[in-house]
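Structural features, examined
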Amino acid sequence: MPSPTPDEELQARTMTLEAFADTIVPGEKRSPDDRAVAGASHGGGAVAAGAIELLEWDATGVHDGLDWFASALNDHARAYATEHGLAPDETVPPFVALGFEHRTALVQKLTLPGHPEKPLWVSLALFSNMAYDSAAHMHTADALAAGHPGLIAMGIERPDPDGLWRFPEFSYGRKLANLHPDTTSTGSPA
């Protein structure tokens, strides 16, 4: 069997990490033949929200370890499949080959208290949630303009045409404080 090319290795890593992110915040398949996204939910999940882009962003601090995460996850998936008598599917990475219910069971096992790798898998899960909940890798206005599924699902309003958010109705039904007299036109203290 020939060694995979760097492009094939990157594709396998991406599929594996997408399958993990989709297990944390499920979404709908991008196409009928999508294997990484299981299609366990309607609308976009962590993958559509940009989980891979967030994980690959150097600001996260995990970007250099993504090869390890994917490799370790696939090793755990192989062991899980053997333990549960699941037939291997060599056409995709081992974690991707697992059905959604098995992916979920494996991730639950990896994130249980007492698992020696728990902090690592929890951090990966947190970034998957972060991609969906806050679009941390994007400017909020850009994310909303692009139809970010998490921000839209949470009801985050688009900014005014000038790019600023204004809230003419007070959330508590009354104004809580007056603007300080020395506040500049940009909202900064003088």
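Residues numbered from 1 in each chain as written. Predicted model: local features only at pLDDT ≥ 70, side-chain atom pairs only at ≥ 80, totals over all residues. Heavy atoms only, no water.

1. Here we look at unusual backbone geometry
- Of note, the phi angle at alanine 135 is positive, near 50 degrees, even though the residue is not glycine.
- The residue alanine 135 is located in the loop between α6 (118–134) and α7 (140–145) in this model. (Helix = DSSP H or I, 4+ residues; strand = E, 2+ residues; numbered from the N terminus.)

2. Description of the nonpolar core
- Core analysis: the biggest nonpolar cluster contains 37 residues, and Phe20, Phe95 and Trp121 have the highest contact counts within it.
- Those elements that provide at least two residues to this core are α1 (6–24), α2 (51–56), α3 (66–83), α4 (94–97), α5 (100–110) and α6.
- No other element matches α3, which puts 8 residues into this core.
- In this structure tryptophan 121 touches Phe20, Trp68, Phe69, Ala72, Leu73, His76, Leu110 and Thr111, once residues within four positions along its chain are discounted. (Core = buried A, V, L, I, M, F, W, Y, C linked by side-chain atoms within 4.5 Å. Buried < 20%, exposed > 50% of the residue type's maximum accessible area, 1.4 Å probe, protein only. Contact = heavy atoms within 4.5 Å.)

3. Examining the packing of α1 against α3
- Look at α1 against α3: their axes get within 9 Å of each other, and the N-to-C directions meet at 70 degrees. Relative to α3, the element α1 lies roughly perpendicular. Between α1 and α3, the residues in contact are Arg13, Thr16, Leu17 and Phe20 and Leu66, Asp67, Phe69, Ala70, Leu73 and Asn74, respectively.
- Split into classes, the residues belonging to the contact of α1 with α3 amount to 6 nonpolar, 2 polar and 2 charged. (Axes fitted to C-alpha atoms, helices over the stretch in contact; angles between N-to-C directions. Parallel < 35°, antiparallel > 145°, perpendicular 65-115°, else oblique. Nonpolar A, V, L, I, M, F, W, Y, C, P; charged D, E, K, R; others polar.)

4. Considering the packing of aromatic side chains
- As enumerated under the stated definition, the model contains 4 aromatic pairs in all.
- Ring geometry for phenylalanine 20 versus tryptophan 121: centroids 6.0 Å apart, planes at 40 degrees, classification tilted. Residue phenylalanine 20 is found in helix α1, and its partner tryptophan 121 is found in helix α6; the two are separated by 101 residues along the sequence. Note on accessibility: phenylalanine 20 and tryptophan 121 belong to one class, buried.
- Pairwise contacts between aromatic rings join Phe20, Trp68, Phe69 and Trp121 into one cluster. (Phe/Tyr/Trp six-rings, centres within 6.5 Å; stacked < 30°, edge-to-face > 60°.)

5. Some details on α3
- For α3, built from 18 residues, the straight-helix expectation of 26 Å at 1.5 Å per residue is met to within 8% by its first-to-last C-alpha distance of 25 Å.
- Restricting attention to buried positions, one finds in α3 the residues Leu66, Phe69, Ala70, Ala72, Leu73, Asn74, Ala77, Tyr80 and Ala81.
- Here the buried face of α3 lies against α1, α2, α4, α5 and α6.
- Where α3 terminates, the next one or two residues include glycine 85, which has phi positive at roughly 65 degrees. (Expected span 1.5 Å × (residues − 1).)

That is the geometry; function is a separate question.
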